[in-house]
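Spelled out from the first residue to the last, the chains are:
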Amino acid sequence: MIAEIGLAALWLAAGLCLLQFISGAIGARGDEQGPVSALVRPAAIVQALLLVVSFVCLLWVFAVTDLSVALVAANSHADKPLVYRISGAWGNHEGSMLLWVTILGLCSALIASLERRMDARFVKTALAAQGFVALGFFAFLLLSSNPFARLNPPAEFGAGLNPLLQDIGLALHPPTLYVGYVGLSVAFSFVVAGLVTRQAGPELARAMRPWVLAAWISLTLGIAAGSYWAYYELGWGGWWFWDPVENASLMPWLAATALLHSIGVLAARDALRTWTIMLGVVAFSMSMVGTFLVRSGILTSVHAFAVDPERGAFILGLLTIYIGGAFALFALRAGALAEGKRFVALSREGALVFNNVMLSAILAVVLLGTLYPLLSEALGTRVSIGPPYYNPVTAVFAVPMLLVLAVGPLLRWRRDRISRIAAPLVLIGVVLAASVIAVVAFSGAGVLPTIGLALAVTLAVASWLPLMGRNPRRVPLALWGSMLAHFGVAVSLAGMASESAFSTERLVAVRSGDTVEVGPFKATLGAVEPVAGPNWTALEARIAITGGGVDTVLRPQSRTFTDPPQNTSEAALLTRWNGQLYAILGDAAGEGRWQLRLWWKPFVTLIWYGGVLIALGGLLALLGHLRSGVRRSRIGEAIAQRRADRESEAAA
Amino acid sequence: MKRLWLILPLALFGLFIGLAAYQMTQPKDEFVRSTMIGKPLPAFDLPGETEDAPRLTSQMFADGKPRLLNVWATWCVPCIAEAPQLDALAKRGVPIVGVAIRDEPEAIAQFLDQYGNPYTAIARDDIAELQLALGSSGVPETFVIDGKGVIRYQHIGDIRADNIDEIYAEWEKAK
């Protein structure tokens, strides 16, 4: 019954989505406010409610493990802990698509109920675009991926959730990323509406900014969480593999970061109109391209998603319609947009343009690397692209970008003089030189890590320099946000550079009682014994860690899950303020010996702390902009009120 | 000029769609084949089965005799399953050179003791250098090397009973 309610709600929502699209499209055509076009806002809101009902139904059938629902039988098992039974609802293709549509619907409802900054025609057009995007996914769900399909007769046992996904980090990772992807769809709809209604000024930028910021925060958190998950759950000791699936989440982030900064220029200075519009389309297209690459199985990835060429074709079709359509609209209309204000190179705009060009270049590098195997395969040769390509080539663009990032926020809008910021420039130069010398003298790290460490230190200092000459209590919240986010970049960069420069690795086969040295620690293998969990059994090693001021026991496990049968390696981590000790239990090596893999990774945790700081900075900026938006509209209302009062007085 | 620039994103996007659509219609291989097939063995110089055994080099393969090169390890369970098939091939007169990945002399001796020794010689590849150079992505894998030292064929995974004839035929072909 619950599943039928869910399906019915989904169909009704799809109908309302069609209504939203049609009435929005009618509203987009002109100024006349016909009865049909008035339906667009209510249609969006009710649609969102129905989608929530549908999604809750899906959560319900997963929570109670209703095995007569095919999706539950294929992806869940009654023996799993409740949290993973529920997260199993979106740990599969159909459920995650429903989640996607639900978030999309919620965004439409939010636009419909909250967006007052733009005129009615713009909002209707944006909602029509939003509805059009959603319609494709509705079709996808209802025609080829019905999450509520029944199984007759019901299955006796569920097949279970991939054990690698039975992890709290990964339970939360997809929803976070989806909020990001879908948030970018709002930016996309706004941009399309801007092209249709020929509005591409500061108002559009201000209306887009909270959405892009929210999406960007989610993407940042999602990528950080995904990277940490890969780090401890896959047991390979690395935190980023330049895998197509990882790149699929990085590319929208890069585009969104560029978009965020160009929106800043458009909102403050009414410049970069065409560029911002294009980035709006690019950002969403990157999330669609990412989804396509991941789901179609067109690229070989370590992340074994359930792939299906038919679904791939469907997504490719949607991609062609939406993104192709938007770029066609861009080609037709963008030329007619007014150019926007001019500025000189040495200005805040100039620095932000540089940031945008570098970010776009990095995006192009990652996109090319991800697609290159596809391209070369079409030409008959097989290659795989890895860190030897990505690391140096992205660095070529990232290093200048980070250098400009140290200086850019100090510049004034429109035009500036070097002499005005001479003092902070000297300070930045001195810190940079000193940190390069210090790193070279004391560590002997490679070229890239050396540059990374020196830049991290410089940026950590430079990110707070905009405070100079200001009263900290009068600094706007959004500026605090940007400084914090830039500081987060420095922290994260320090972690990456330190991990690659100073990690030590030991791969050994040892007997119980043997001692291995790794970093500042001594690791002694104790007993290796079987342990049992709710739906797994495991061999657990006890490794006594001493030295470096520690005396503790690490318990890495080699787990065997029953439903579905699969082995996973559970790393044991010892987190210290100055790094992490990472231990993996491998296979039995014969004669009572066990393979152990131990890493000491100094300051590796900074990578993810930095990610969290970046997201926090985004949150502060979001709050700051929302508050100033509210204040601005209040002032506007007050002025309008006073004018009306004065007019009525004059009339009297 | 400006108009042309505005069409650029659409053109690039069209290129991507075309490429993706083309690749979607192509059959997908299940295994990643080595690109080394048809190329000479990568140069190597590895220690032998024990500390005293002579070292093995890539030059030894260019003596006119085709051989099998079997990438394996004592810690690999499918390699145990493969042992009888390798024995059968050895009995049919196929010389097999083993490359033991990340292994130790005692473990190798024990393994051969327990599961039989089909090898004419074994090289120890302690850091998987030869394996990587061969483009082999796992253990076990078996390559057919012709008398000039050129890689002719790659079998991925353990050799099952019904693969024996096929591999024997490939070895014959390499003569």
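Residues numbered from 1 in each chain as written. Chains lettered and ligands numbered in written order. Predicted model: local features only at pLDDT ≥ 70, side-chain atom pairs only at ≥ 80, totals over all residues. Heavy atoms only, no water.

**So, the environment of Phe-188 of chain A**
All names here are of chain A. Relative to the assigned elements, Phe-188 resides in helix α7 (residues 168-196). Among the residues examined, Phe-188 registers a relative accessible area of 4% and is labelled buried. Distance from Phe-188 to Phe-21, taken between C-alpha atoms, is 15 Å for residues 167 residues apart in sequence. Residues within four places of Phe-188 in sequence aside, it is in contact with Val-133, Gly-280, Val-281, Phe-284, Tyr-322, Ile-323 and Ala-326. (Helix = DSSP H or I, 4+ residues; strand = E, 2+ residues; numbered from the N terminus. Buried < 20%, exposed > 50% of the residue type's maximum accessible area, 1.4 Å probe, protein only. Contact = heavy atoms within 4.5 Å.)

**With respect to the interface of chain B and chain A**
The partner chain A presents 34 residues to the 26 residues of chain B that form the contact. Together chain B and chain A conceal approximately 2600 Å² of surface at their shared face, both sides included; 68% is due to carbon and sulfur atoms. Together, Phe-13, Phe-16 and Met-24 of chain B form the three largest contributors to the area buried by chain B at its contact with chain A, with a combined 23%. In this assembly, chain B and chain A are joined by one salt bridge. Taken together, the connections running from chain B to chain A amount to one residue pair in polar contact (both at pLDDT 80 or more). Per-element accounting of the side of chain B that touches chain A gives the leading share, 16 residues, to helix α1 (residues 2-25) of chain B. (Buried area = accessible area lost by both parts, 1.4 Å probe. Salt bridge = Lys/Arg side-chain N within 4 Å of Asp/Glu carboxyl O. Polar contact = N/O pair within 3.5 Å; in protein donor to acceptor, adjacent residues only side chain to side chain.)

**Considering unusual backbone geometry**
Residues and elements named next belong to chain A. With an omega dihedral of 0 degrees, the bond running from Asn-152 to Pro-153 counts as a cis peptide bond. Looking at the element boundaries, Pro-153 is found in the loop between α6 (120-144) and α7. Positive phi, normally seen in glycine, also occurs at Arg-198, with a value near 55 degrees. Topologically, Arg-198 is positioned in the loop between α7 and α8 (202-233). Phi angles above zero are rare outside glycine, and Asp-270 is one such case at about 55 degrees. Relative to the helices and strands, Asp-270 resides in the loop between α9 (244-269) and α10 (273-296). Looking at Asp-270, the relative accessible area reads 13%, which means it is buried.

**Concerning the sheet that holds strand β6 (residues 141-145) of chain B**
All names here are of chain B. Across the sheet, which stays open at both edges, the five strands sit in the order β5-β4-β3-β6-β7 with mixed pairing between neighbours. A strand with exactly one partner marks an edge of an open sheet, and here the two such strands are β5 (121-125) and β7 (151-156). Averaged over all pairs of adjacent strands, the angle between their axes in this sheet comes to 20 degrees, without regard to strand direction. Examined bridge by bridge, strand β3 (residues 67-72) and strand β4 (residues 96-101) share five bridges and lie parallel to one another. (Pairing = 2+ DSSP bridges. Axes fitted to C-alpha atoms, helices over the stretch in contact; angles between N-to-C directions.)

**Details of the pairing of β5 of chain B**
Residues and elements named next belong to chain B. Among the five residues that make up β5, four are buried, leaving the element largely enclosed by the rest of the structure. Relative to β5, β4 runs parallel, the two being bridged by five bridges. Within the sheet, the bridge partner assigned to Gly-98 lies in β5 and is Ile-122. Crossover handedness for the path β4 to helix α3 (residues 105-115) to β5: right-handed. (Right-handed = clockwise from strand over helix to strand, strands pointing away.)

**Focus: the pairing of strand β2 (residues 515-518) of chain A**
Residue and element names in this part refer to chain A. With burial as the criterion, only one face of β2 is covered, namely that bearing Val-516 and Val-518; the residues Thr-515 and Glu-517 on the opposite face remain uncovered. Direction of pairing for β2 relative to strand β3 (residues 521-532): antiparallel, over a ladder of four bridges. The residue of β3 that forms the bridge with Glu-517 is Lys-522. Adjacent in sequence and paired antiparallel, β2 and β3 are bridged by two residues, among which Gly-519 carries a positive phi angle near 55 degrees.

**Quick look at the environment of Ala-89 of chain A**
Residues and elements named next belong to chain A. You can see Ala-89 is positioned in the loop between α4 (82-87) and α5 (93-114). The buried category is assigned to Ala-89, whose relative accessible area is 0%. For Ala-89 and Ala-63, which are 26 residues apart along the polypeptide, the C-alpha to C-alpha distance reads 8.5 Å. For Ala-89, the contacting residues outside a window of four places in its chain are Leu-58, Leu-59, Phe-62, Gly-95 and Ser-96.

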